[in-house]
Amino acid sequence: MANFAIMGFGTVGSGVASVLRMNGDAIAERLGEPLSLKYILDVRDLSATEYAGIAVKDFSVLENDPELDVVVESIGGAKVALEFTRRALMAGKHVVTSNKELVASHGRELLAIAKEKNVNYLFEASVGGGIPVLRPLFQCLAGNQIEEIVGILNGTTNYILTRMIRGGVPFDEALKEAQAKGYAEQNPAADVEGLDASRKICILSDLAWGREVLPERISVQGISGLNLRDVETASKAGYQVKLLGRAVKLEDGRHCAYVAPHLVREDCPVAGVDGVFNAIMIRGNAVGDVMFYGRGAGDLPTASAVMGDVIDALQHREKRRNLGWGEGGDLADTGELSMCWYLRGGFAVPQGCREIGGGAVLTGPLSTKGAKALAKKLGAETILPVLP
Ligand code: HSE
């Protein structure tokens, strides 16, 4: 019998309990032993629920139970979750999480503790919800040098953009819809200002190149400044506006990461990813392009990834997964990337630019610095990169 606990019984935590209820027999067969949910740690009162008998409020109960194998951390944030994760690892428990904030900001430290204690710290659910992408990146694609990662990493903003593009709904209204449907996080700023996507592209970069990229070190632009006019103008010209997290390896070996709304050509697979779905494209120097697509949020999809990690942690009890990254290297500035740009405003079409209607043009390849200087000179109201 293997035992696990869930810390934080919100959307993800309760989803994990549901997946165990749905698939407990199949999971036991795969593990070769039954998997038992021994504790649920939450500040809420669960006495009137079916989980009353296993509900606890004191973390030390988990910490001091020698029969507890795995702890699922679905508390969120980087305060209590950080303390409990540290303590659980120090106590020799495997820890599985969906907490992208914690992994992006403290993953290096937590993975080092896990290594020292010979336990697993796994976080497949922290990027792309239910989409298997981190394990393919560090395992199946380990024979490649990763050249680029680009993806729709936030379901809430993709839902909002889809409603703007397909439904002609203004940003504010589309955000209210997303909140009513329960997609947006408690604080919608983390979604709409790109912070959530920045944490995810940092985790992907950490794994791809083995160097820590902290969210506060990268350029992040969200979608709150977008208006319907730009979305419609782009659409008429054959482009979809998508909020993308992107990480690129430069020729000199350095890499850079950033988050920004981009124009994406309609024939690019990412352009057809609508609603709350996520998609991540990874380019390896041997495999070429691969794309991962699916539900990036929600209780059961996220719990699917968490449960996969719980099983993996238990299957790697003796020889832990060798996972981790080093200190941050020399991160390149996104200003060094060369791309074409969408500029809109009441200006005459500059030389070297192509008019696309709606008062907008597409430039030829320019660095971010060059594009910003041109936009300033022209008095452009909107400037957006075009995904190469
Ligand atoms: N708020 C996130 C999203 C949840 O909309 O994608 C999953 O990380």
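In the block above lies the structure referred to throughout.
Just so it is clear, the structure is predicted and the values come from calculations on it, not from any experiment. (Residues numbered from 1 in each chain as written. Predicted model: local features only at pLDDT ≥ 70, side-chain atom pairs only at ≥ 80, totals over all residues. Heavy atoms only, no water.)

Caption draft 1: Highlighting the environment of Leu 68. Along the chain, the position of Leu 68 falls in the loop between α2 (59–63) and β4 (70–73). What makes Leu 68 buried here is its relative accessible area of 3%. Leu 68 sits 31 residues away from Asn 99 along the chain, and the two C-alpha atoms are 21 Å apart. The residues touching Leu 68, leaving out its near neighbours within four places in the chain, are Asn 3, Phe 4, Ala 5, Lys 38, Tyr 39, Leu 62 and Lys 93. (Helix = DSSP H or I, 4+ residues; strand = E, 2+ residues; numbered from the N terminus. Buried < 20%, exposed > 50% of the residue type's maximum accessible area, 1.4 Å probe, protein only. Contact = heavy atoms within 4.5 Å.)

Caption draft 2: Main features of the pattern of salt bridges. Going through the model one piece at a time under the given rule, you end up with 28 salt bridges. Among the ionic pairs, Arg 135 bridges to Glu 124, the shortest N-O distance being 3.5 Å. One end of the pair, Arg 135, is in helix α5 (residues 134–140); the other, Glu 124, is in the loop between β6 (121–122) and α5, and eleven residues separate them in sequence. Note that Asp 252 and Arg 254 form a salt bridge whose closest N and O atoms lie 2.8 Å from each other. A cluster of three or more residues bridged by salt bridges with shared partners is formed by Glu 124, Arg 135, Asp 309, Asp 312 and Arg 321. (Salt bridge = Lys/Arg side-chain N within 4 Å of Asp/Glu carboxyl O.)

Caption draft 3: Local environment of the nonpolar core. Core analysis: the largest hydrophobic core is formed by 108 residues, its most contacted members being Phe 4, Leu 35, Leu 62, Tyr 121, Phe 123, Leu 204 and Met 307. Not counting chain neighbours up to four residues away, the residues in contact with Leu 204 comprise Val 127, Val 133, Leu 134, Leu 137, Ile 149, Leu 153 and Ile 280. With eleven residues, the next largest nonpolar core counts Ile 152, Leu 244, Val 270 and Ala 279 among its residues. (Core = buried A, V, L, I, M, F, W, Y, C linked by side-chain atoms within 4.5 Å.)

Caption draft 4: Structural detail: the packing of helix α3 (residues 80–90) against helix α4 (residues 100–117). In the contact formed by α3 and α4, the axes pass within 9 Å of each other and the chain directions differ by 15°. In terms of axis orientation, α3 runs roughly parallel to α4. For the pair α3 and α4, the sense of crossing is right-handed. Of α4, the residues touching α3 (which contributes Ala 81, Leu 82, Thr 85, Arg 86, Leu 89 and Met 90) are Leu 102, His 106, Glu 109, Leu 110, Ile 113, Ala 114 and Lys 117. Residue composition of the contact of α3 with α4, by class: eight nonpolar, two polar and three charged. (Axes fitted to C-alpha atoms, helices over the stretch in contact; angles between N-to-C directions. Parallel < 35°, antiparallel > 145°, perpendicular 65-115°, else oblique. Left-handed = near helix turned anticlockwise from the far one by under 90°. Nonpolar A, V, L, I, M, F, W, Y, C, P; charged D, E, K, R; others polar.)

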